[in-house]
Amino acid sequence: MEFYVTAGPGTEGVLRDELCELGFRSARLNHGGIPFLGDWIDGARACLQSRIGQRVMLVLGRTSARTLEDVYEACREVEWQEFLTPSQTFAVATYAHESCGENPNMVTLKVKDAVADQCRAVFGARPNVDRESPDVRIFVYWARERVTIYLDMSGEPLFKRGYRQSGGEAPLKETLAAAMLRLSGWDRSTPLVDPMCGSGTLVIEAALWAGNHAPGLWRKRFGFERWANFTPEMAQRMSRLRGEMRRGVAGQMPRITGFDLDEEVLKTAQVNAQAAGLRLSFRRMPLRELAADGTRRLLIANPPYGVRLDASNQLYQELANAVHRLHGWRVCLLVGNPRLQQAIHLKPEAEYALKNGSIDCKLLVYEV
Ligand SMILES: C[S@@+](CC[C@H](N)C(=O)[O-])C[C@H]1O[C@@H](n2cnc3c(N)ncnc32)[C@H](O)[C@@H]1O
């Protein structure tokens, strides 16, 4: 079976590294996501273990398609009855490159028709559409006269780990936090600090990675566990896999600390960490008090950009001053506002282009 794990912009390389490290076969670098080969249980394992992947898709078919009718025919040929019965629900999402010359809504409608018509031909009835919580999520990608049909194995996107009880004002997606940690070059044993930790996403993801906790273990279920072909034997196999992963948790952990100015958001971080089964230290501390203490640490943070949270020049100057005090530390910042890089005025050791939602960001890595 062929799988495709979707990646946020700029995270493809680290996602490929992660999937290779996890032992997935033929994972290779590709723009937008990483394909790999395996059995259904490998797709399931990717849902449980990938920290960086956004969704795990199963490739159902790929063929040439020049017109909307060709897309319809390609989708009619899929044996949907294997995954979907009239008592279940489905949803369709599509991407049609502008060169296909079709309105994306029309493509979605056409795919829906093909699925419904094929089910009606087999069962005499069709499944309903449910956009909120469908049993089966179908994704169709149409570009350069090729159409690829996928089933989304993850269901809800994988950044929804299941441990988050609440967010702060501008929480990071867990998948982006995991990508930042890998791009920072963290060795998982150096002590780590997020001095603007908000609801704690970076420190929690760091602790899960360092402790070898599979990030999908808090999810009640994934999309494929609602498909018609998900048998009791497969459910048993999943429960064994979840058990193996629970037993794989490491005992030793580096010191991981979160600070923030806001007392309330720190309570949120504590609740989220506890829900993930972690005992992490969170403390109120303004940036201006952050100082080196003789231990080499990684500082990692996403400071406010001035989009969702206020970002004054004074705040950026405080952060720049803090960075200059941290001799011997490694510093990794997700910067969405060029004023911060100017204020720091050091040459980054590495620089990566990422996106936080719709905001273009740079991940800057410094050796101070
Ligand atoms: C963009 S948010 C971080 C979000 C966080 N990564 C998360 O996932 O929830 C920035 C955080 O910086 C904190 N902050 C702003 N000024 C600060 C200061 N001078 N010292 C410490 N924290 C500050 C805010 O309270 C806010 O929680």
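Re the overall build of the protein
In step 1: If you tally the helices and strands in the protein, you get 10 helices and 14 strands.
In step 2: For 368 residues, the compact-globule formula gives about 21 Å, and the C-alpha radius of gyration of the protein, at 22 Å, lands near that figure.
In step 3: Judged by the C-alpha coordinates and their principal axes, the protein covers about 70 × 45 × 35 Å.
In step 4: Counting every position in the protein, which comprises 368 residues, the buried fraction comes to 44%.
In step 5: In the protein, once contacts between residues fewer than 6 apart in sequence are set aside, the share between residues at least 24 apart is 77%.

Topic: the site of the ligand
In step 1: Taken together, 23 residues are adjacent to the ligand, and Met196, Gly198, Ser199, Thr201 and Leu261 come closest.
In step 2: Of all the secondary structure elements, the ones that give two or more residues to the shell around the ligand are α6 (201–210) and α9 (313–325).
In step 3: Of the residues assigned to the shell around the ligand, the class counts are 15 nonpolar, 5 polar and 3 charged.

Re the domain arrangement of the protein
In step 1: Assigned domains within the protein: domain 1 (2–152) and domain 2 (174–213 + 252–367).
In step 2: Taking the mean C-alpha position of each, domain 1 and domain 2 sit 35 Å from one another.
In step 3: Counting residues at the interface gives 11 residues for domain 1 and 12 residues for domain 2.
In step 4: The class makeup of the residues in the side of domain 1 that touches domain 2 is 3 nonpolar, 5 polar and 3 charged.

Observations regarding the sheet that holds strand β10 (residues 281–284)
Strand pairs in the sheet, formed through backbone hydrogen bonds, run parallel or antiparallel to each other.
In step 1: Across the sheet, 7 strands lie side by side as β10-β9-β8-β11-β12-β14-β13; this open sheet has mixed pairing. The open sheet has two free edges, formed respectively by β10 and β13 (350–356), since each of these has just one partner strand. Shown here is a sheet whose adjacent strand axes are inclined to one another by a mean of 20 degrees, direction ignored.
In step 2: Pairing analysis gives 4 bridges linking strand β9 (residues 256–260) to β10, with the strands arranged parallel. Bridging from a neighbouring strand, Thr257 pairs with Ser281 of β10.
In step 3: Across the face of the sheet, α6 comes into contact with β8 (192–194), β9 and β11 (298–301) while running at roughly 175 degrees to β9.

Calculation notes
- Residues numbered from 1 in each chain as written.
- Predicted model: local features only at pLDDT ≥ 70, side-chain atom pairs only at ≥ 80, totals over all residues.
- Helix = DSSP H or I, 4+ residues; strand = E, 2+ residues; numbered from the N terminus.
- Rg over C-alpha atoms; globule rule 2.2 N^0.38 Å.
- Buried ≥ 20, exposed ≤ 12 C-beta atoms within 10 Å, placed from the backbone.
- Contact = placed C-beta atoms within 7 Å.
- Near = placed C-beta within 6 Å.
- Nonpolar A, V, L, I, M, F, W, Y, C, P; charged D, E, K, R; others polar.
- Domains from an automatic or database assignment.
- Pairing = 2+ DSSP bridges.
- Axes fitted to C-alpha atoms, helices over the stretch in contact; angles between N-to-C directions.

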